[in-house]
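Understanding the architecture of this molecule
Here is what each chain is made of, one letter per residue.
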Amino acid sequence: MGNQASKVLDKAKDKKKKTQLQQRRRSTITLENRSLGSHVSHGNYDWIDQNELTTLSDGALTAALEAARTPSHHPASNNNSNSSNDTPPSRPPRRKSITEYFTKRRPSTTRPTTLFSDFDFKEFDRWQRQHYLLKSARKANAWAPFYNDGDKDVVILDVGTGNGIWALEMANQYPSVQVLGLDRLLPNDPNGPENLRFCPLDITESWPMSDNAVNFIFQRSMCDTIKQADWRPLLAEMYRVLKPGGYIELIENDFWRHNPGPVQRAFDAFIQEQCKTNGVDFQLTESLEGMIKTCGFEEIDKKTMDIPLGEWPTEQELKQFGFINKEAHKALLKNHKDTYIKQWGLSSADYDLAVQEVLEEFDEYHSFTRFHCWVARKPL
Ligand SMILES: C[S@@+](CC[C@H](N)C(=O)[O-])C[C@H]1O[C@@H](n2cnc3c(N)ncnc32)[C@H](O)[C@@H]1O
């Protein structure tokens, strides 16, 4: 991989010189006129029209964008601009993480905070951005019809809950529903709502709950941690604990970027190698539906959403999604730098150059991430 990477990076350096002389390709995509040059794959943006209730205005994405653009934002720094006091306001210490800000996380009184490293906090932030991105794009936290007004004793699981933001929002949205987040590393949440709990466990082992106990199971962004061999038993465990008629909802993105530039292509080849080494299924998004079916689920409904990387779309909402998706991707590349340079055999400087190139390529090549969502039911 090292040699291949070096070649790509040398090419990237040459290209950088050339592009200063050449004009870059410009976006030709709009929602009205979806014509694209033959060099660019036509992403699927139909999902954007699915629901008129755009959540761009509900503040979720706006808040996340604001946090991304002004990282030191804090309610206490929201000073009254009419104030006659000329003394600059004293800024509170910058929080380590927007996760901490949004979910009002505080150091746990029962667990040592050292459980979370700076890396964890940075990853929490990235997941949080992706959470807002997907919630805004999907116009909802869940698509499965798991709840009807008046339903009693409803239990939902968030498998691999991460920083717990999805579980927290669901618990707030459905106060009569019991929400349980499962993860081996649990968020600190001393002040969460009473209907929200977290359970520490390895999700690839059997779960401490009885058969037919749960109404709805949500799981998102687990493709790079669940090994290929563990998917089937994991789905079987979901099937076991679900009540007949209960739903699963799974969201995963393709490992590879669509419309990649040459440096992104090299990154994707590296990721593919890593998947092979780690026993992870690089093509999971193509094999998952078959596994859902063989585990016995029915009424499988699959939806695909392409979310731009970068601000290349001319359509405003897609442009905003592209901005935040690129920010999340940038964070991914930065957060995993140490691991990647070790495994890929790159120098730190070459890695930084590659990341810079990738970020430029997104806009140049109209790259996008393809997310897939499967909703399926356990038969009655
Ligand atoms: C990429 S994060 C996804 C977080 C969350 N689902 C979201 O969409 O924001 C993956 C999470 O899965 C957890 N995880 C991975 N493998 C696990 C396992 N075998 N058992 C329990 N948790 C696991 C990690 O600790 C991490 O919190």
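Residues numbered from 1 in each chain as written. Predicted model: local features only at pLDDT ≥ 70, side-chain atom pairs only at ≥ 80, totals over all residues. Heavy atoms only, no water.

Description of the site of the ligand
The cut-off we apply is this: One heavy atom within 4 Å of a molecule or strand is enough for the residue carrying it to be called near that molecule or strand. The term polar contact refers here to a pair of N or O atoms within 3.5 Å; inside protein, the definition further demands a hydrogen-donor-capable atom paired with an acceptor-capable atom, and it admits residues adjacent in sequence only when both atoms are side-chain atoms. All residues other than Ala, Val, Leu, Ile, Met, Phe, Trp, Tyr, Cys, Pro, Asp, Glu, Lys and Arg, Gly among them, are scored as polar; the first ten of these are nonpolar and the last four charged.
In the neighbourhood of the ligand, 14 residues make up the surrounding shell, with Gly160, Asp183, Asp202, Ile203 and Arg220 lying closest. Taking Arg184, its main chain carries an N or O atom lying 3.1 Å from a nitrogen atom of the ligand. Separating a nitrogen atom of the ligand from a backbone N or O atom of Ile203 is a distance of 2.9 Å. When grouped by side-chain class, the residues that make up the shell around the ligand number 4 nonpolar, 6 polar and 4 charged.

Here we look at helix α5 (residues 165-173)
Threshold: Exposure classes here rest on a 1.4 Å probe applied to the protein chains alone. A residue is buried below 20% of its type maximum, exposed above 50%, and partly exposed in between. Counting from the N terminus, the helices are the DSSP runs of H or I reaching at least four residues and the strands are the DSSP runs of E reaching at least two. Note on contacts: a residue pair is in contact if any heavy atoms of the two residues lie within 4.5 Å.
Judged by how many residues are buried, α5 sits mostly within the fold: 7 of 9 residues are covered. Among the residues making up α5, those that are buried are Ile165, Trp166, Ala167, Leu168, Glu169, Met170 and Ala171. Contacts from the buried residues of α5 go to α4 (118-138), β1 (155-159), β2 (178-183), β3 (196-200) and β4 (214-220).

Topic: the packing of helix α7 (residues 262-278) against helix α11 (residues 348-365)
Test applied: Convention adopted: a line fitted to C-alpha atoms gives each axis, helices being fitted over their contacting stretch, and angles between N-to-C directions are expressed from 0 to 180 degrees. Two helices that cross are described as forming a left-handed crossing if the nearer one is turned anticlockwise from the farther one by less than a right angle, and a right-handed crossing if clockwise.
Here α7 crosses α11 at 120°, and the two axes come no closer than 7 Å. Crossing handedness for the pair α7 and α11: left-handed. Between α7 and α11, the contacting residues are Pro262, Val263, Gln264 and Phe267 on the first element and Tyr351, Ala354, Val355, Glu357, Val358, Glu361, Phe362 and Tyr365 on the second.

Digging into the confidence of the model for the protein chain
Under the convention used in this document: pLDDT is a per-residue confidence score from the predictor, ranging from 0 to 100.
Mean pLDDT for the protein chain: 79, with 69% of residues reaching 70 or above. The low-confidence segment residues 20-39 (pLDDT under 50) makes 34 contacts with residues lying over four places distant or belonging to another chain. Across residues 49-85, confidence stays below pLDDT 50; counting only partners more than four residues off in sequence or on other chains, it has 46 contacts.

Quick word on the sheet that holds β3
Put simply, the rule reads: For two strands to pair, DSSP has to find at least two bridges joining them.
Sheet architecture is open: 7 strands sit in the order β3-β2-β1-β4-β5-β7-β6, paired in mixed fashion. Edge positions in the sheet fall to β3 and β6 (298-308), since each has one partner strand and no second. Direction aside, neighbouring strands of the sheet carry axes that sit 15° apart on average. Looking at chain direction, β1 and β4 are connected through 4 bridges and run parallel.

Some thoughts on the pattern of salt bridges
So the rule is basically this: Should a side-chain nitrogen of Lys or Arg be within 4 Å of a carboxyl oxygen of Asp or Glu, the pair is scored as a salt bridge.
Scanning the model with the defined rule gives 14 salt bridges in all. The residue Asp301 makes a salt bridge to Lys303 at a minimum N-O spacing of 3.0 Å. Assessed through its relative accessible area of 35%, Asp301 is described here as partly exposed. Judged by relative accessible area, which is 30%, Lys303 ranks as partly exposed. For Arg370, the salt bridge goes to Asp306, with nearest N and O atoms at 2.7 Å. Highlighted residues: Arg370 in strand β7 (residues 368-377) and Asp306 in strand β6, separated in sequence by 64 residues. Given the relative accessible area of 0%, Asp306 is considered buried. By sharing partners, the salt bridges in this structure join Asp211, Glu237 and Arg240 into a single network.

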